[in-house]
Amino acid sequence: MRENWRSMARSAVLLLLLSTAACATTEPFSVVAVTEGDSTEAESFYRFPSLRGGDPEVARFVNSQLAEAVLSVKPDEVEESLFEKVRATEDFPVPTLANVNYRIERFDQFGLSVTIEAEGCGAYCEYWERTFNFLLETGEWLPAPAFLKSDGSFRLLRVVEAEVQQRIQQELNRLEMLSSEQRTDEFETQENYELALEMYEECLRAAEYVNYAGMQFAVLSDSFRITVPRCSNHAMRALDALGDVAVEVSISDWDELLSDYGRSFLYGEENGGYVKN
């Protein structure tokens with residue numbers, strides 16, 4: 001019996017050592033840039049994030065979601081390039097996406113917030129940004145409302161709404177104070193000036209939000225940034241001096257309203273405890 005206990009003890013110690021060694025050799029998550037220069041006359045350049053290390057299933061899940069959402073491909077099924085569905089070809093010289101790039105907003109062992117920048121091309125090319133937030137415990141893609149409890153999400157939406165309305169009203173007030181000479185300098189014609197006024201007045205009426213649709217939600221080191229897209233269409237863009245409106249709020253001010261998902265992403269906490277890695 002004593003020998004059996006000794007054998008079991010040795011086995012337990014060996015298992016612990018092997019487990020510790022496996023954990024020690026596991027590489028932490030990292031983000032690597034996948035790049036490609038377009039060889040066609042469009043001369044686009046592509047730089048796209050790829051999550052490496054950590055849990056391979058999580059990394060694969062995150063990379064698949066990003067590639068499918070932005071590049072319209074599944075990484076495991078590409079034939080020659082991650083960018084094969086969006087780059088220009090000899091038959092189609094205008095790329096679907098041009099000059100793709102990214103920036104890391106926040107990245108640690110718990111979460112990844114990354115913004116993709118690109119030019120979408122059709123009848124014309126137009127710059128856009130889209131932010132993705134991933135919980136690295138599971139690889140889940142978290143939308144804006146997931147970070148806060150329902151009442152917190154509603155309150156944050158009201159903060160964003162008030163800030164956007166204030167900035168639009170300030171721009172309207174500025175335009176109304178312009179002299180005739182200043183109007184000409186800024187808009188060239190009275191017609192353009194009046195079109196700008198009408199555009200902002202319509203923007204103000206429309207700046208009442210029931211959800212985060214169309215907004216980009218980024219997690220920074222100590223704040224949330226919510227970006228509301230400009231209200232002008234492409235034809236009116238030249239008259240829109242306001243553009244996208246970015247609203248930043250301190251995470252600490254919303255700490256008591258964080259959801260379990262929000263705490264997991266920010267601190268590795270789940271239901272008051274730490275997420276097991």
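A quick note: this is a predicted structure, and the numbers were derived from the prediction, not measured.

Each helix and strand counted, the protein has 6 helices and 11 strands in total. Burial statistics for the protein: of 277 residues in total, 40% are counted as buried. A separation of at least 24 residues holds for 55% of the contacts in the protein among residues at least 6 apart in sequence.

Bridging between strand β7 (residues 216-219) and strand β8 (residues 223-228) involves 4 bridges; their strand directions are antiparallel. Considered in β8, the bridge of Ala 218 is made with Arg 225. Count of turn residues in the β7/β8 antiparallel hairpin: 3 residues.

Moving on to the environment of Lys 149. Relative to the helices and strands, Lys 149 is located in the loop between β6 (140-141) and α3 (150-176). Setting aside residues no more than four positions away along its own chain, Lys 149 makes contact with Glu 256, Leu 257, Leu 258 and Ser 259.

Here we come to α3. End to end, α3 covers 39 Å across 27 residues, agreeing with the expected 39 Å (1.5 Å per residue, within 8%). Those residues of α3 lying buried are Gly 152, Ser 153, Leu 156, Leu 157, Val 160, Glu 161, Val 164, Ile 168, Glu 171, Leu 172 and Leu 175.

In this section: the pairing of β8. Most of β8 sits out of view: 6 of its 6 residues are buried. The alternating pattern of β8 places Ser 223, Arg 225 and Thr 227 on one face and Phe 224, Ile 226 and Val 228 on the opposite face, and all of these are buried. With 6 bridges joining them, β8 and strand β9 (residues 245-250) adopt antiparallel strand pairing. Directly across from Phe 224, in β9, lies its bridge partner Val 249.

Under the criterion given, the structure shown has 9 aromatic pairs. Pairing Tyr 46 with Phe 83 gives two aromatic rings, centres 5.0 Å apart and planes at 25°, and the pair type is stacked. With a gap of 37 residues between them, Tyr 46 in strand β2 (residues 45-52) and Phe 83 in the loop between α2 (56-71) and β3 (97-107) connect regions that are remote in the sequence. The same class applies to Tyr 46 and to Phe 83, which are both buried. Aromatic pair Phe 147 and Phe 224: ring centres 6.0 Å apart, planes at 65°, arrangement edge-to-face.

Attention now goes to a negative patch on the surface. Taken together, the side chains of Glu 176, Glu 191, Glu 194, Glu 198 and Glu 201 present a region of like negative charge at the surface. By the element assignment, Glu 191 lies in helix α5 (residues 190-206).

About the thresholds
- Residues numbered from 1 in each chain as written.
- Predicted model: local features only at pLDDT ≥ 70, side-chain atom pairs only at ≥ 80, totals over all residues.
- Heavy atoms only, no water.
- Helix = DSSP H or I, 4+ residues; strand = E, 2+ residues; numbered from the N terminus.
- Buried < 20%, exposed > 50% of the residue type's maximum accessible area, 1.4 Å probe, protein only.
- Contact = heavy atoms within 4.5 Å.
- Pairing = 2+ DSSP bridges.
- Expected span 1.5 Å × (residues − 1).
- Phe/Tyr/Trp six-rings, centres within 6.5 Å; stacked < 30°, edge-to-face > 60°.
- Patch = residues over 30% accessible without salt bridge, like charges linked within 9 Å, V, L, I, M, F, W, Y side chains within 5 Å.
- Areas by Shrake-Rupley, 256 points an atom, 1.4 Å probe, with all protein chains shown as cover.
- Salt bridge = Lys/Arg side-chain N within 4 Å of Asp/Glu carboxyl O.
- Lys, Arg positive; Asp, Glu negative; His and termini not counted.
- Charge placed at Lys NZ, Arg CZ, Asp CG, Glu CD.

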